[in-house]
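Spelled out, the chains give:
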Amino acid sequence: MHKIIMIGCGVVGQGFLQILNDTAEHLRTKYDFEAKLVAVSDKMKGSIMAEEGIDIPTFLAHLEAGKPIGEFQAPGAITGLGPIETIKQSSGDMVVEVSFTDLKTGEPATSYLKAALKAGKHVATTNKGPPANFFGELQDVACQNNAILKYEGVVMSGTPIFNLLDNCLAGNDVQEIKGILNGTTNFILTKMENDGMSYTDALKLAQELGYAEADPTADVEGFDALAKVIILGNIVMGANLTMDSVPREGISNISSQDIKGAATNGLRYKLIGSVKKVNGKVEAYVKPVKLPLSDPLAGVAGAMNALTFSTDLSGDVTIQGPGAGKIETGFAILIDLLAIHKESDCCKDDGTQGSNSQNGSCCCN
Ligand code: HSE
């Protein structure tokens, strides 16, 4: 029985808890995966630690009613601990980190991840801030402590691109990764082109539908897509890209006229993020690009994301799917926890690999 500590308790965290509760029986019978929630700590909403377990449906109803986490009733509950104290004091073996994202500093999430990994706890995160800024460092801490760090949801939420690369496309040399990495901007561009909506109205609708970040500047000016480009470049291509080193342009200067003009020439605007190996270096950008309609990325509409992997052996492989959403991103956490469950004998105490070790994620010597 795994014991889960959840750090952050917003939309994604609640989506994950919903999935964990609704699929419990399926997870037990099909994957031999059993888990209970033993602690939740959210900087704004409060915290609870209850080693006997927190009943998920009642807890979700409590949150739905807008009540503070610390007022939830559970046997033996300890309340009032901050995220790091919770991680250190709880006996939980898996930390689900879904706290708020700061793309510039990666904090405080990076400190939460380090505390968890240093305590030898496995981690699943959907937070872009830490891997965009400190991926190598975090991976080292994980390895030093025989812990597993998983992050499938940081790019394209529950659409599994890291698993695709690590497993199905393994053996290929990936020369370029290019695509639509932000749902909000793709939704806005689609609404402007298909429904003749203004930029402002389309952005407002994207906010109402919950696609946009708390500050939508991160979406429309390309920072969110940039963070994902950096994560891809650094993790997949071993680059050293930073938020300041990659050229970035958003969509706020694209007018309805520009979109119409492109359409008359058989072209369609998309906000494209790309990382490409060029003469031993990795080049990257985020910018609006006019794509021919024959490009698979041109057909990706609404809040969908898509990535084309240009590989030496498989040619171009394109994957399309959701890049945001409560359940979709909550599902990314489930992908990671099931992988951790499968691999958790990966790093044995003596540093050798266990029978379930998989490529890319085992950190043994
Ligand atoms: N605001 C982001 C988007 C959410 O629109 O894609 C997922 O990172």
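Residues numbered from 1 in each chain as written. Predicted model: local features only at pLDDT ≥ 70, side-chain atom pairs only at ≥ 80, totals over all residues. Heavy atoms only, no water.

Chemist: Could you clarify how one ought to interpret the nonpolar core in this entry?
Modeler: For soluble globular proteins, nonpolar side chains are generally found buried alongside one another. Of all hydrophobic cores here, the largest spans 66 residues; its most connected members are V155, I161, F162, L232, L307 and F309. The element that contributes the greatest number of residues to this core is helix 11 (residues 223–237), accounting for nine residues. Each of domain 1 (2–158 + 326–346) and domain 2 (167–322) accounts for three or more of the residues forming this core. Excluding its chain neighbours within four sequence positions, the residues that come into contact with L307 are V155, M156, I161, I177, K178, G179, L181, L232, L297, V317, T318 and I319. Counting residues in hydrophobic clusters, the runner-up holds 31 residues, among them I19, L27, L60 and L63. (Core = buried A, V, L, I, M, F, W, Y, C linked by side-chain atoms within 4.5 Å. Buried < 20%, exposed > 50% of the residue type's maximum accessible area, 1.4 Å probe, protein only. Helix = DSSP H or I, 4+ residues; strand = E, 2+ residues; numbered from the N terminus. Domains from an automatic or database assignment. Contact = heavy atoms within 4.5 Å.)

Chemist: Would you mind going over helix 3 (residues 56–64) with me for this structure?
Modeler: Because an α-helix completes one turn every 3.6 residues, residues spaced three or four positions apart along the sequence face the same direction. Of the positions making up helix 3, those classed as buried are I56, F59, L60, H62 and L63. Down the axis of helix 3, the buried side of the element spans an arc of 155 degrees, and every buried residue falls inside it. Of the residues one or two after helix 3, G66 is the one with positive phi, at around 75 degrees. (Arc of directions from axis to C-beta.)

Chemist: Looking at this structure, I do not really get the domain arrangement of the protein chain. What am I missing?
Modeler: Reports often express the size of an interface as the amount of accessible area lost when the parts come together. Split into domains, the protein chain comes out as domain 1 (2–158 + 326–346) and domain 2 (167–322). Between the C-alpha centres of domain 1 and domain 2 the distance comes to 28 Å. Residue-level contacts link twelve residues of domain 1 with 19 residues of domain 2. Looking at the side of domain 1 facing domain 2, the largest losses of area belong to L103, V155 and M156, adding up to 48% of the total buried there. For the pair domain 1 and domain 2, the number of links is one salt bridge. Along the contact surface separating domain 1 from domain 2 lie two residue pairs in polar contact (both at pLDDT 80 or more). For the side of domain 1 that touches domain 2, the element with the highest residue contribution is helix 6 (residues 129–144), accounting for four residues. Among the residues forming the side of domain 1 that touches domain 2, the class breakdown is eight nonpolar, two polar and two charged. (Buried area = accessible area lost by both parts, 1.4 Å probe. Salt bridge = Lys/Arg side-chain N within 4 Å of Asp/Glu carboxyl O. Polar contact = N/O pair within 3.5 Å; in protein donor to acceptor, adjacent residues only side chain to side chain. Nonpolar A, V, L, I, M, F, W, Y, C, P; charged D, E, K, R; others polar.)

Chemist: What exactly am I supposed to notice about the site of the ligand here?
Modeler: Every residue near the ligand is listed here: K128, N182, G183, T184, Y211, A212, E213, D219, D224, K228, G323 and A324. The contact in question runs from an oxygen atom of the ligand to an N or O atom on the side chain of T184, over 2.6 Å. One nitrogen or oxygen atom from the side chain of D224 is found 3.5 Å from an oxygen atom belonging to the ligand. When atoms are counted within 2 Å of each cavity's grid points, the one that captures over half of the ligand is the largest pocket. (Near = heavy atom within 4 Å. 1 Å grid on protein atoms, 1.4 Å probe; cavity = no way out; pocket = protein on both sides within 12 Å on 5 of 7 lines; lining within 4 Å. Sits in = over half its atoms within 2 Å of the grid points.)

Chemist: It is not clear to me how the packing of aromatic side chains should be interpreted in this structure. Could you clarify?
Modeler: For the coordinates displayed, the defined rule picks out four aromatic pairs. Taken together through their ring pairs, the aromatic side chains of F135, Y151 and F162 make up a single cluster. Over the ring of F134 we find K114, and its NZ or CZ is 5.7 Å from the ring centre. Taking NZ or CZ as reference, R248 lies 3.9 Å from the ring centre of F223, over its face. (Phe/Tyr/Trp six-rings, centres within 6.5 Å; stacked < 30°, edge-to-face > 60°. Lys NZ or Arg CZ within 6 Å of the ring centre and 35° of its normal.)

Chemist: Whenever I open this one, the packing of helix 8 (residues 183–194) against helix 9 (residues 199–208) confuses me. Can you help?
Modeler: Packed helices, taken two at a time, are described by the angle their axes make and the gap between the axes. One way to put it is that helix 8 packs onto helix 9 with a least axis distance of 9 Å and a crossing angle of 135 degrees. By the criterion of interaxial angle, the relationship of helix 8 to helix 9 is oblique. The handedness of the crossing between helix 8 and helix 9 is right-handed. Contacts between helix 8 and helix 9 involve T184, F187, I188, K191 and M192 from the former and Y199, A202, L203, L205 and A206 from the latter. For the contact of helix 8 with helix 9, the per-class residue count stands at eight nonpolar, one polar and one charged. (Axes fitted to C-alpha atoms, helices over the stretch in contact; angles between N-to-C directions. Parallel < 35°, antiparallel > 145°, perpendicular 65-115°, else oblique. Left-handed = near helix turned anticlockwise from the far one by under 90°.)

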